[in-house]
Amino acid sequence: MQARMPTVPGVTTHSPIIVLDSGLGGLTVVRAIQKAMPAENILYFGDTARLPYGNKSAGTVTAFIRQIINHLMPQRPKHVVIACNTGTALALSALRSEFGGLSISGVIDPGAKAAVTAAGAKAVPAIGVIATEATVRSKAYERAILRRRNHARVYLKPTPLLVPIIEDGRMANDPLVRMALGQYLQPLIERKVDVLVLGCTHYPIFRDSIEDLMGPTVAVIDSAEQCAEDVARRLKVRHLLKPPVDPTDTNAHGWLRCFVTDDPARFARLGSRFLGTPIEQPTWVSPDDLYSAATPAAALRLPA
Ligand code: DGL
C-alpha cells in the first residue's frame, strides 16, 4: 500500500504540467496542449525502455507510472496528464487516490466525449475503438461511452502491433503499416461504424491513412485536442492557467523538457514527427533511478 501524498506545496501558474506516456505517443497530446496553451511549461516523460505498456498488467503499468510521477514530483507539477490510454485505463483511478493532493487526468474521458459528440443525433450510433490489448480488456472506453450515451453499439478492436511499428519509426506508406492497418480496420469497416476512436495516443501519426481506409462518412477521433481542453479547464478552475501569450511570439512560449528511459537521440529524431517541431535532446533517466524511492531534485534542475 502506497503512502498518500500531501498536497503539492509551492505550485504556481509557472509550475510545469507533466505529460507522460510509454513512448512517443503522448507527444500528440503535448502538441495539442502547446496549441491550446502556448505559454505553459511542460515536462514530458517517455518510458521508452519499458514500452509497450499495452501488453502489461494493471499492477505493472500502475507501478511504472507511480515511479515516473514520484521522480518528477520535486518539480512541483501543477497537473499530471497520463497521455496514454493504457495508463489511463489501468492506473488513473488508483494513482488519483494515492497522490491525493495532485491533480491528475487522462485521455479516455475526453476521447469518449468527443466520440459521442461526433456520433451526433443518430439513434444508435456504431462507435469503433482501436486500442492496445490492455485498454480493450479494461473496457474503459465502453464504460466511458455508454455513460454518456446508453444507446450505442461499441466495437473494441485490439491493434497490438501498431505501437511497436510506430516506435520503430515506420512511415504511413510502409507496406507493413498498410498491411497492419488494412487487417485491423477491416472488421470495423464491415460493422459500418459511424465513429472511430484512436484509442492510443500513438495512432494519430497514421490518422490520414486511417481516414482514407475508413472512408469519408466515418468521423475519426483523436482525443488529444479534447484532452488539452480538459487540462485547460482543470487549470482554470484552480486559477493555475498561465496568462495567454501571442501564439505567433515564440519567445513568449513555455518550455518543453523531455525525459526518456532509453536512447535520447532516437527519441529526439522520431519525436519531432509527432510534435511537428524539433525536439531538444531529452534527458536520459535510468530505470534504476525510477525504482529507487527518492531522486535528488538537483538532478532534474529546470531552465530558469
Ligand atoms: N500511447 C499508449 C496508449 O495510448 C501506448 C501504449 C503502449 O505502450 O502499448 O495506450
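You'll find the structure just up there.
Residues numbered from 1 in each chain as written. Predicted model: local features only at pLDDT ≥ 70, side-chain atom pairs only at ≥ 80, totals over all residues. Heavy atoms only, no water.

1. Considering the overall build of the protein chain
- When you go through the protein chain residue by residue, the secondary structure sums to twelve helices and ten strands.
- Computed over C-alpha atoms, the radius of gyration of the protein chain comes to 19 Å, within 12% of the 19 Å expected from 2.2 N^0.38 for 304 residues, which places it in the range of a compact globule.
- Taking the principal axes of its C-alpha atoms as reference, the protein chain extends roughly 55 × 45 × 40 Å.
- Burial analysis of the protein chain (304 residues in total) assigns 53% to the buried set.
- In the protein chain, the proportion of contacts linking residues at least 24 apart, taken out of those at least 6 apart, comes to 78%.
- For the protein chain, the centre of its 34 positive side-chain charges and the centre of its 26 negative side-chain charges are spaced 6 Å apart. (Helix = DSSP H or I, 4+ residues; strand = E, 2+ residues; numbered from the N terminus. Rg over C-alpha atoms; globule rule 2.2 N^0.38 Å. Buried < 20%, exposed > 50% of the residue type's maximum accessible area, 1.4 Å probe, protein only. Contact = heavy atoms within 4.5 Å. Lys, Arg positive; Asp, Glu negative; His and termini not counted. Charge placed at Lys NZ, Arg CZ, Asp CG, Glu CD.)

2. Describing the packing of aromatic side chains
- Counted under the stated rule, the structure contains three aromatic pairs.
- With 5.7 Å between their ring centres and 45° between their planes, Tyr-53 and Phe-64 make a pair best called tilted. On the criterion of sequence distance, the pair formed by Tyr-53 in the loop between β2 (42-46) and α2 (58-72) and Phe-64 in helix α2 is long-range, its members being eleven residues apart. Considered together, Tyr-53 and Phe-64 belong to a single accessibility category, that of buried residues.
- We note Arg-50 situated over the ring of Phe-64; from NZ or CZ to the ring centre the distance is 3.8 Å.
- Residue placement shows Arg-50 over the ring face of Tyr-291; its charged tip is 5.5 Å from the ring centre. (Phe/Tyr/Trp six-rings, centres within 6.5 Å; stacked < 30°, edge-to-face > 60°. Lys NZ or Arg CZ within 6 Å of the ring centre and 35° of its normal.)

3. Focus: helix α10 (residues 224-237)
- Between its terminal C-alpha atoms α10 stretches 20 Å, which fits the 20 Å expected from 14 residues at 1.5 Å a residue.
- Every buried residue belonging to α10 is among Ala-224, Cys-227, Ala-228, Asp-230, Val-231, Ala-232 and Leu-235, and all of these are buried.
- The secondary structure elements touched by the buried residues of α10 are β1 (17-21), α1 (27-36), β3 (79-82), β4 (104-105), α4 (108-119) and β8 (219-222).
- The positive-phi residue at the C-terminal boundary of α10 is His-239, with phi of around 55°. (Expected span 1.5 Å × (residues − 1).)

4. A short note on the site of the ligand
- Not every one of the 13 residues close to the ligand is listed here, only the nearest: Ser-22, Tyr-53, Gly-54, Asn-85 and Thr-86.
- At 2.7 Å from an oxygen atom of the ligand is found a side-chain nitrogen or oxygen belonging to Thr-86.
- One of the side-chain nitrogen or oxygen atoms of His-202 is found 2.8 Å away from a nitrogen atom of the ligand.
- Protein burial of the ligand: of its 300 Å² of free accessible surface, 99% is covered by the chains.
- Class assignment for the residues of the shell around the ligand results in five nonpolar, seven polar and one charged. (Near = heavy atom within 4 Å. Polar contact = N/O pair within 3.5 Å; in protein donor to acceptor, adjacent residues only side chain to side chain. Areas by Shrake-Rupley, 256 points an atom, 1.4 Å probe, with all protein chains shown as cover. Nonpolar A, V, L, I, M, F, W, Y, C, P; charged D, E, K, R; others polar.)

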